[in-house]
Amino acid sequence: MNRQAKCKTPRRPPPKKPPNSQKDPVGVYLRVRPLAAEDEECCIEVISGTTVQLHAPEGFKVNRNGEYKETQYSFKKVFGVSVDQMELFEHVAKPLIVDLIHGKNGLLFTYGVTGSGKTFTMTGSPGQGGLLPRSLDMLFNSIDPYQAKRYVFKTDDKNGVDLQCEVDALLERQRRDNALNISKTPSSRQRVDPEIGDMLKQEEACKADGVDEDSSYSVFVSYIEIYNNYIYDLLEEMQEDAIKPKPPQSKTLREDQNHNMYVAGCMEVEVKSAEEAFQVFWRGQKRRKVANTRLNRESSRSHSVFIIKLAQAPLDADGDNILQDKNQVSVSQLCLVDLAGSERTGRTGAEGTRIREAGNINQSLLNLRTCIEILRENQMCGTNKMVPYRDSKVTHLFKNYFDGEGKVRMVVCVNPNAGDYEETMLVMRFAEMTQEVEVARPVDRPICGFTPGRRHRNQTSKEELSHRLEERSSPIDNGGISVLNGMALSLPPLPSSELTDPNDEITLPRLIEALQNRQRIRQMMVEECSRAANMMKSMLQELDSNLISKENLIHEQNGRLAEKDRAIQSNKTEIERLEKKAKMQENKIVILQKTTKIYEDDKRSLQQELETRGHRLQRELSDKRRMEQRMQGMVSDTQHKWEKECEKRVNAMQLEMQNKLWVKDEKLKQLKAIVTESKTPGRSDAPPRQTQPQTQPQRPSREERPSREERPSREERPSREKRPSREERPPAKRSASPSPLPTTTPVRPLHRRSRSAGGEKWVDHKPTSSLDLGTVLQPVIPNAIQVSTPSEKALSKCDRYVLTHQEVASDGEIQTKLIKGDVIKTRGGGQAVQFTDIETLKQELATVQSRKRKSSEGTLPSGDQTGGSWTDVETRCSVALEMKAGSNMGPGFEHHGITKRRKP
């Protein structure tokens, strides 16, 4: 079981309407305005009363055949340049006024580009009234004798009309008259705007036929505009505030009980004449949004809708008063719409607000076109697509008319100027497409069922009664002269009373008889006069009684009025109480707003503090990560350093062990040579040589060691690759002479060769201030880019970097430092240099120092001091052989290394 959703009011089903299969197409009329100047190029030609032809202007895009395209469009009626406003009204608006009087709705709107004459067609100008003033004039000319008194019909807030009794209507009229007397002077009430004083001519007045004489009519008008897709009431009374003007409030669209759309809260004014209605229209017209553009001096920036609502109710059976039955009230309305013109901002030169207005106008017209297209598709193809009426206020307000609530007619206004050719062509296509949409014909209003002719019969009886009263009251009013004179003239004439004979007995009796007859007639006249006087008295008494009853009624109404005044007074007190309560509530609201503001400020400050702490926490986390990375780098650097140190120590130990082994091998070879020489036959024995008592050769003393300046430089030392291997070394031969043994001094291998001698690409950074020391060995790096100032372009092409730096040493000599490093790429796509090594080159002067032997070194047995050279060489060789790796006495060069630093 499906339950309905909570808090959802079920939609009220629409009222059942009798099926109506008769449909009428939308009536589309075309009106061509005259050119602004005679020398302008025209692109429209009127062929017949229903057809026009559109010519492409010169310079416009031609067809593939090279010919200009000429298109013909057909309409219900085409009005050329020479057609006046009266003829246009006769064909377009007059049938809609007739339908309005007969209780049928109607919609008439003008459509076209900006500057095509839509407002002129709808409103007109002095002496040339448009469709709107002519429609009002025809309506009031037709119903003027049958209009009800003011405030008998009263509009409600739900698009309906209520009836009031004569007493309530009389009270409202008195209040209105009092308000007008207080607010306006009689001269100001009679003042007419000169701009609308002569809109129509007397000879152009027209009247509708077939008006129901047994009904009473009342006309209500309202005027709205749709600006930027918002609805504003142009008749709304606004309080003028010079300090802070209040902007107009937009209105909303609602649906009444009959599913008809209306503007809620729109002001509806009851009018009793065409002049009054047009003055109301003109008051709202002055408040309409217009602007000056390049194409039109007063271009409409909104869609204006003037609504004429006609309420009619039948008379009662006597034909004297309106039938007090709301169900018998019929309401029909006619909407006269002046659509704003579509425009291109490039041609109008719109800027700022004008561009926004033009965009909203074009969007609403596009929505109207879309609705027409979908209606046409549903009718012609049998589809059931939803028509998007709600996308725009214009289409949403008039959706009932397209669904069959009345006739729809459109006047398409075009400008034949060649500059509007493209826009005119689009308007023509839309208008021709609109003609294919059919709208259901409205149903006739049902007849109330009373006998027709009630008003005429009532007026005739009233006229007869008044005539009789005049005849009866005329003798009293005239002193009985006219009636008595009439009767006196009807008395028989007196006979001749001349006596010629004294014995005449005929004349006197005849005179007496005539006088008696006249006396009898006079008595009859007195009786008639008395009867008339009695009748007059009775009538006066009846009038007095009626007057008393009227006075009683007035007294009763005064009592009701007093009750109303008391109710008003109580309402005023209630309003004052509510105002005080509202002020208290406003004060509370102000306090709550202040409290809310304080809380919001606290919230904002706490949020800022939270964000600050969050940023601080993020910074601490980033610092922590950076510190971790730095520590990891330091750990890796320390590990790398110790690995190098261990490798260095291992190499030194290996070199020391190799040197020891080589020394032992050399000693063995020397001993073997001595043994072999001593055993060789035919060889004289060599003189004995003083040998050292020790098994191992002694190291020379510090004074006998070669100084640092005497040692060979790094470039002069033989490299590890050039040293002969153990198999390639020549065997040592020991001669009998006291010369030293021809042994090869063991060479300590270098720390490492410079990587600048390899095949890597180097950046050789030599400042321009470097000095040439004039030495034999120069730091020359092959396959290098020499620069005086390093650049990112040069670093990106190389793998290694060397900086030549010169400075003065402590002894006053200039030394050159080669600072080397690796070129690495950074995360940002740049280049960075990580320094790894420093080589120091220094030029020194060699100084010969006297060497003294120690007594402990031993002498030759013969005491010849010249034989010390062998001992010196041997000692040196032994010292060189037994020298530890890394000793300052060795053939190594001074090498300084720096610890690599990694980026955190």
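These numbers were taken from a predicted model, which means no experiment stands behind them.

Draft legend 1. Looking closely at the overall build of the chain. What the chain contains, in helices and strands, is 17 helices and 28 strands. Of the contacts made within the chain by residues no fewer than 6 positions apart, 72% connect residues no fewer than 24 positions apart. Accessible surface for the chain amounts to roughly 57,700 Å². Of this, 51% is attributable to carbon and sulfur atoms.

Draft legend 2. Region of interest: the side chain of glutamine 333. Mapped onto the elements of the fold, glutamine 333 is located in strand β20 (residues 330–338). Residue glutamine 333 is classed as buried on the basis of its relative accessible area of 17%. At 3.2 Å, the side chain of glutamine 333 forms a polar contact with the side chain of tyrosine 401. With sequence-adjacent residues up to four places away left out, glutamine 333 is seen in contact with Leu100, Lys104, Asn105, Gly106, Ile307, Ile308, Lys309 and Tyr401.

Draft legend 3. Seen up close, empty space enclosed by the protein. According to the stated counting rule, one finds four cavities of 30 Å³ or more in the structure shown. Computed from the structure, the largest cavity encloses a volume of approximately 70 Å³. Looking at the largest cavity, the residues that line it are Leu107, Phe109, Val337, Leu339, Leu368, Val394, Thr395, Phe398 and Phe402. Elements that contribute at least two residues to the lining of the largest cavity include exactly β7 (105–111) and α10 (393–397). Counted by class, the lining of the largest cavity contains eight nonpolar, one polar and no charged residues.

Draft legend 4. Spotlight on the pattern of salt bridges. The final tally for this structure, using the stated rule, is 31 salt bridges. A salt bridge links arginine 176 to aspartate 177; the nearest nitrogen and oxygen atoms lie 3.8 Å apart. On the basis of relative accessible area, aspartate 177 is assigned to the partly exposed category, the value being 38%. Between glutamate 609 and arginine 613 there is a salt bridge, with the nearest N and O atoms lying 2.9 Å from each other. With a gap of four residues between them, glutamate 609 and arginine 613 both fall in helix α15 (residues 507–678), about one helical turn apart.

Draft legend 5. Structural detail: the packing of helix α2 (residues 94–101) against helix α4 (residues 131–143). Where α2 contacts α4, the two axes come as close as 10 Å, and the packing angle between them is 40 degrees. Comparing the axis directions of α2 and α4 gives the class oblique. Handedness of the α2/α4 crossing: right-handed. Together, Lys94, Ile97, Val98, Leu100 and Ile101 of α2 and Ser135, Met138, Leu139, Ser142 and Ile143 of α4 make up the contact between the two elements. Looking at the contact of α2 with α4 residue by residue, the class counts come to seven nonpolar, two polar and one charged.

Draft legend 6. Highlighting the nonpolar core. Membership of the largest hydrophobic core comes to 56 residues, with the highest contact counts inside it found for Leu30, Phe75 and Phe398. The residues touching leucine 30, leaving out its near neighbours within four places in the chain, are Val52, Phe75, Lys77, Val78, Phe79, Val412, Val414 and Met428. Phe89, Leu132, Phe278 and Phe306 belong to the second largest nonpolar core, which has 46 residues in total.

Draft legend 7. Molecular detail of the side chain of lysine 399. Mapping lysine 399 onto the fold places it in helix α11 (residues 399–405). When near neighbours in sequence (up to four residues on either side) are disregarded, lysine 399 contacts Met261 and Tyr389.

Draft legend 8. Examining the packing of aromatic side chains more closely. If you walk through the whole model with that rule in mind, you get nine aromatic pairs. Site record: aromatic cluster; members linked through ring pairs are Tyr223, Phe278, Phe281, Trp282 and Phe306. A cation sits over an aromatic face here: lysine 289 above tyrosine 232, 5.6 Å from the ring centre.

Draft legend 9. The arrangement of the environment of asparagine 258 in detail. Mapped onto the fold, asparagine 258 is located in the loop between β14 (253–255) and β15 (261–263). Sequence-wise, asparagine 258 and asparagine 159 are 99 residues apart; in three dimensions their C-alpha atoms are separated by 9.6 Å.

Draft legend 10. Molecular detail of the environment of serine 530. Summarising the element assignment, serine 530 is placed in helix α15. Polar side-chain contacts of serine 530 include one of 2.6 Å to the backbone oxygen of glutamate 527.

Draft legend 11. How the structure looks around unusual backbone geometry. With phi around 65 degrees, asparagine 159 is a residue other than glycine that occupies positive phi space. As for its placement among the helices and strands, asparagine 159 is situated in the loop between β10 (153–155) and β11 (161–163). At histidine 259, a residue that is not glycine, the phi angle is positive and equals roughly 65 degrees. As for its position among the elements, histidine 259 is in the loop between β14 and β15.

Draft legend 12. View of helix α1 (residues 85–92). Burial in α1 covers these residues: Gln85, Met86, Leu88, Phe89 and Val92. Along α1, the residues classed as buried sweep out an arc of 160 degrees about the axis, all on the same side.

Draft legend 13. Quick peek at a nonpolar patch on the surface. Judged by side-chain polarity, Met627, Met631 and Met634 come together as a nonpolar surface patch covering roughly 290 Å² of accessible area. Secondary-structure assignment places methionine 631 in helix α15.

Draft legend 14. Region of interest: the state of the cysteines. For the structure shown, the criterion picks out zero disulfides. Cysteine 42 takes part in no disulfide bond, and the closest cysteine sulfur, belonging to cysteine 43, lies 6.0 Å away. On the basis of relative accessibility, which here comes to 39%, the residue cysteine 42 falls in the partly exposed class.

How each quantity is defined
- Residues numbered from 1 in each chain as written.
- Predicted model: local features only at pLDDT ≥ 70, side-chain atom pairs only at ≥ 80, totals over all residues.
- Heavy atoms only, no water.
- Helix = DSSP H or I, 4+ residues; strand = E, 2+ residues; numbered from the N terminus.
- Contact = heavy atoms within 4.5 Å.
- Areas by Shrake-Rupley, 256 points an atom, 1.4 Å probe, with all protein chains shown as cover.
- Buried < 20%, exposed > 50% of the residue type's maximum accessible area, 1.4 Å probe, protein only.
- Polar contact = N/O pair within 3.5 Å; in protein donor to acceptor, adjacent residues only side chain to side chain.
- 1 Å grid on protein atoms, 1.4 Å probe; cavity = no way out; pocket = protein on both sides within 12 Å on 5 of 7 lines; lining within 4 Å.
- Points joined across faces, edges and corners; volume = space filled by probe spheres on them.
- Nonpolar A, V, L, I, M, F, W, Y, C, P; charged D, E, K, R; others polar.
- Salt bridge = Lys/Arg side-chain N within 4 Å of Asp/Glu carboxyl O.
- Axes fitted to C-alpha atoms, helices over the stretch in contact; angles between N-to-C directions.
- Parallel < 35°, antiparallel > 145°, perpendicular 65-115°, else oblique.
- Left-handed = near helix turned anticlockwise from the far one by under 90°.
- Core = buried A, V, L, I, M, F, W, Y, C linked by side-chain atoms within 4.5 Å.
- Phe/Tyr/Trp six-rings, centres within 6.5 Å; stacked < 30°, edge-to-face > 60°.
- Lys NZ or Arg CZ within 6 Å of the ring centre and 35° of its normal.
- Arc of directions from axis to C-beta.
- Patch = residues over 30% accessible without salt bridge, like charges linked within 9 Å, V, L, I, M, F, W, Y side chains within 5 Å.
- Disulfide = S-S within 2.5 Å.

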